[in-house]
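Report on the structure
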Amino acid sequence: LQLFTDAKELMAKGRVKEARELYGRALELDAEFGRAYAGLATTYRSFGITYDAVLAEKYFQEAMKRLDRVGERERLEIQGLYSGVRGRYEESAGFYRLLVERYPEVDEYHTSLARQYAGLSRHEESIREFEEAIRLNPRSAGTLINLASAYGTKGEFRKQIEYLDQAFAL
């Protein structure tokens, strides 16, 4: 679990190769750790970035095979993540809406839901979720950049610059 947690933190910082190594080490210790397979898959394919689609699919399939062995929260996380990276934004949003309803204080669920709304061109809902994620975790530079991008998409460039400045200050 510690290796998995450390890998997630590295991914949040954009340190993909290091995260990949830690997810792999976590799986060496527990080959049935479904969420670690999904995490490893994201090191090969994540929202808009693909390093190796074949390996990503392989690891996502390993995670999906283990859905019956995980709790509801982990199952929703895996399904939301897998649907999202496959471009099935409405389906993914459904999983993340459930997570947000059940765990409203988890900023990453709001961020993930916001990304799905962005993929669906539902910009107001996307902005609302990114703003909630920032309220919960004001030191997330990545979420600030996503929020800035959402405002840029709407043509609200002053707000975009404001959030980019905050992100770069962090």
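Owing to the predicted nature of the structure, the values given are computational and were not obtained by experimental measurement. (Residues numbered from 1 in each chain as written. Predicted model: local features only at pLDDT ≥ 70, side-chain atom pairs only at ≥ 80, totals over all residues. Heavy atoms only, no water.)

Quick look at the pattern of salt bridges
Scanning the entire structure with this criterion turns up 16 salt bridges. Its salt-bridge partner being Arg 15, residue Glu 18 comes within 2.7 Å of it at the nearest N-O pair. Judged by its relative accessible area of 37%, Arg 15 is partly exposed. For Arg 35, the salt bridge identified is with Glu 77, shortest N-O distance 2.9 Å. Pair noted here: Arg 35 is in helix H3 (residues 34–42) and Glu 77 is in helix H5 (residues 72–85), with a separation of 42 residues, a long-range link. On the basis of relative accessible area, Arg 35 is assigned to the buried category, the value being 9%. Connected via shared salt-bridge partners are Glu 32, Glu 62, Lys 65, Arg 66 and Arg 69. (Salt bridge = Lys/Arg side-chain N within 4 Å of Asp/Glu carboxyl O. Buried < 20%, exposed > 50% of the residue type's maximum accessible area, 1.4 Å probe, protein only. Helix = DSSP H or I, 4+ residues; strand = E, 2+ residues; numbered from the N terminus.)

Side note on the packing of aromatic side chains
Applying the stated rule across the entire model yields seven aromatic pairs. Residues Tyr 151 and Tyr 163 carry aromatic rings whose centres are separated by 5.7 Å and whose planes lie at 5° to one another, so their mutual orientation is stacked. Within this pair, whereas Tyr 151 is found in helix H9 (residues 141–153), its partner Tyr 163 is found in helix H10 (residues 157–169), the two being separated by 12 residues in sequence. No difference in accessibility class separates Tyr 151 from Tyr 163, as the two residues are buried. The ring of Tyr 44 carries Arg 20 above its face, with NZ or CZ at 4.0 Å from the centroid. The positively charged end of Arg 73 is found above the aromatic ring belonging to Tyr 103, 4.1 Å away from the centroid. (Phe/Tyr/Trp six-rings, centres within 6.5 Å; stacked < 30°, edge-to-face > 60°. Lys NZ or Arg CZ within 6 Å of the ring centre and 35° of its normal.)

Remarks on the nonpolar core
It is characteristic of soluble globular proteins that their nonpolar side chains tend to be buried jointly. Grouped together as the largest cluster of nonpolar side chains are 35 residues, with contacts concentrated most on Tyr 23, Leu 27, Ala 38, Leu 40, Tyr 59, Phe 60 and Leu 113. Sorting the residues of this core by element identifies helix H1 (2–12), helix H2 (16–29), H3, helix H4 (53–65), H5, helix H6 (89–102) and helix H7 (107–119) as the ones contributing at least two each. Residue contacts for Tyr 23: discarding those within four places in its chain leaves Phe 4, Ala 7, Lys 8, Met 11, Ala 36, Gly 39, Leu 40 and Thr 43. Counting 11 residues, the second-largest nonpolar core is a separate cluster that includes Phe 130, Leu 147, Ala 148 and Ala 167. (Core = buried A, V, L, I, M, F, W, Y, C linked by side-chain atoms within 4.5 Å. Contact = heavy atoms within 4.5 Å.)

Examining the side chain of Thr 43
By the secondary structure assignment, Thr 43 is in the loop between H3 and strand S1 (45–46). Judged by relative accessible area, Thr 43 falls into the buried class, the value being 0%. Not counting residues up to four positions away in its chain, the partners in contact with Thr 43 are Met 11, Val 16, Ala 19, Arg 20, Tyr 23 and Tyr 51.

As for unusual backbone geometry
Negative phi values dominate among residues other than glycine, just as trans dominates among peptide bonds. The phi torsion at Ser 121 lies on the positive side, around 60°, for a residue other than glycine. As for its position among the elements, Ser 121 is in the loop between H7 and helix H8 (123–136).

Some thoughts on H4
With 13 residues, H4 ought to run about 18 Å at 1.5 Å a step, and its terminal C-alpha atoms sit 18 Å apart, in line with that. Of the surrounding elements, those touching the buried residues of H4 are H3, S1 and H5. Capping the start of H4, Asp 52 holds a side-chain oxygen 3.1 Å from the backbone nitrogen of Val 54, two or three residues further along. (Expected span 1.5 Å × (residues − 1). Polar contact = N/O pair within 3.5 Å; in protein donor to acceptor, adjacent residues only side chain to side chain.)

Some words on the packing of H2 against H3
Packed helices, taken two at a time, are described by their axes: the angle between them and the distance between them. Orientation of H2 relative to H3, taken along the N-to-C sense of each, is 155°, at an axis distance of 9 Å. One element, H2, and the other, H3, form an angle in the roughly antiparallel class. As H2 runs across H3, the sense of the crossing is left-handed. Each of Arg 20, Tyr 23 and Leu 27 in H2 lies in contact with H3, whose residues at this interface are Ala 36, Tyr 37, Gly 39 and Leu 40. Of the residues assigned to the contact of H2 with H3, the class counts are five nonpolar, one polar and one charged. (Axes fitted to C-alpha atoms, helices over the stretch in contact; angles between N-to-C directions. Parallel < 35°, antiparallel > 145°, perpendicular 65-115°, else oblique. Left-handed = near helix turned anticlockwise from the far one by under 90°. Nonpolar A, V, L, I, M, F, W, Y, C, P; charged D, E, K, R; others polar.)

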